[in-house]
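# Structure assessment
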Amino acid sequence: MPETILILSDRPDRQVRQLQSSFKSLGFDVLALALADIGFDSRYPSGIAIPAMNGALPVAVIVRSISSGTFEAITRRLGILHAFAHLDVPVWNSAKAIERCVDKSTTTFFLAQAGLPTPETFAVESLANAKSVAERELTHGPLVLKPLFGSQGKGIRLIRHIDDLPAPEEIDDVYYLQRYVAHSGPPFCDYRVFTCAGEVLGMITRRAEGWITNIAKGAKAEPVVGPLRFKLESLALAASAAIGTDFAGIDIVPAADGRLLVLEVNSMPAWTGLQSVVPVKIADCIANALAARIVPRLDERPAA
């Protein structure tokens with residue numbers, strides 16, 4: 001009987017369908033569920049209840065999305081991922097890596113601790129503390145305010161004056177402020193590098209007329225050519241290692257002085273833009289890399 005790969009996603013998007021096809025081609029059964037539908041259940045030896053699995057566990061878990069929810073709901077969902085790891089079920093990406101990525105301030109902390117170039121960043125609570133940061137730092141140039149848990153360029157604001165800071169209730173009273181990286185434009189550009197299992201699967205230049213360069217906001221994907229590729233590869237692999245991701249999308253921005261700065265590490269990255277310019281199939285690469293990790297473990301199990 002084929003072993004089951006569990007894909008956790010709250011929607012069956014293109015990436016989920018591609019992963020399902022890739023794992024099935026390797027001989028696995030594939031079950032796609034929302035993480036919210038998996039529960040703790042002490043009736044089972046594993047302590048986890050997965051719909052349609054009758055108390056059994058998957059051989060591996062791929063996390064594509066966690067979805068929004070209350071603090072209690074998100075804590076419980078991350079607890080499920082920690083439980084899988086405790087039960088020796090490989091989880092890509094792990095709860096630890098996701099926690100480090102989804103909170104941008106924690107990402108920045110680990111990047112800086114690893115000595116990687118990243119823009120100066122300040123994360124505080126309360127408008128009063130944010131005003132203190134802005135009053136001190138705006139003399140050196142604009143700041144970018146980002147949602148701590150945001151993605152796809154949503155909710156990003158350019159802060160040029162103290163009065164540009166939003167009210168606390170608009171951002172849950174958490175102000176994540178990062179130095180704006182000045183570079184020539186328009187068009188503006190940055191780079192997305194996709195890593196998996198210690199290798200770079202591909203990279204793109206994202207170009208946009210505005211300074212927010214997310215594909216979801218209309219940026220165009222182009223191949224990266226020339227010696228710049230080697231610098232981006234080295235930086236992305238170091239960032240992935242610093243955060244502890246199994247696969248990731250690393251955002252890197254060029255500064256006006258030629259430096260490359262790591263902005264973010266995404267533990268649940270989309271790859272539609274990247275797939276449009278690279279020859280390899282991203283889903284196949286992820287499936288093959290995870291299978292290479294788990295198949296030896298399956299072969300070592302004692303016969304029933």
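Presented here is a report on the structure given in the accompanying data block. (Residues numbered from 1 in each chain as written. Predicted model: local features only at pLDDT ≥ 70, side-chain atom pairs only at ≥ 80, totals over all residues. Heavy atoms only, no water.)

### Re the pairing of strand β14 (residues 247-254)
Extensive coverage of β14 is indicated by the burial of eight of its eight residues. Residues F247, G249, D251 and V253 line one face of β14 and the alternating positions A248, I250, I252 and P254 line the opposite face, and both faces are buried. Here strand β11 (residues 188-196) runs beside β14; their pairing, made up of six bridges, is antiparallel. The partner of Y191 across the bridge, within β14, is I252. Sheet analysis places β14 next to strand β15 (residues 260-266), joined by six bridges and oriented antiparallel. (Buried < 20%, exposed > 50% of the residue type's maximum accessible area, 1.4 Å probe, protein only. Helix = DSSP H or I, 4+ residues; strand = E, 2+ residues; numbered from the N terminus. Pairing = 2+ DSSP bridges.)

### Let's talk about the side chain of S22
For S22, the location among the structural elements is in helix α1 (residues 14-25). With a relative accessible area of 4%, S22 lands in the buried category. In this structure the side chain of S22 is engaged in a polar contact, spanning 2.5 Å, whose partner is the side chain of D284. Discounting residues that sit within four places of it in the chain, S22 has contacts with A283, D284 and A287. (Polar contact = N/O pair within 3.5 Å; in protein donor to acceptor, adjacent residues only side chain to side chain. Contact = heavy atoms within 4.5 Å.)

### Some words on the environment of V181
Tracing the backbone shows V181 in the loop between β10 (174-179) and β11. Sequence separation between V181 and L237 is 56 residues, and the spatial gap between their C-alpha atoms is 22 Å. If we skip the residues at most four places from it in the chain, V181 touches P119, V253, P254, A255 and L261.

### Re the packing of aromatic side chains
Within this structure, the stated rule accounts for four aromatic pairs. Between the aromatic rings of F109 and F110, the centroid separation amounts to 5.1 Å while the plane-to-plane angle is 85°, which identifies the pairing as edge-to-face. For F110, a relative accessible area of 22% corresponds to the partly exposed category. Pairwise contacts between aromatic rings join F194, F247 and W271 into one cluster. Seen from the ring of F110, R100 lies directly overhead, with NZ or CZ sitting 3.8 Å from the centre. (Phe/Tyr/Trp six-rings, centres within 6.5 Å; stacked < 30°, edge-to-face > 60°. Lys NZ or Arg CZ within 6 Å of the ring centre and 35° of its normal.)

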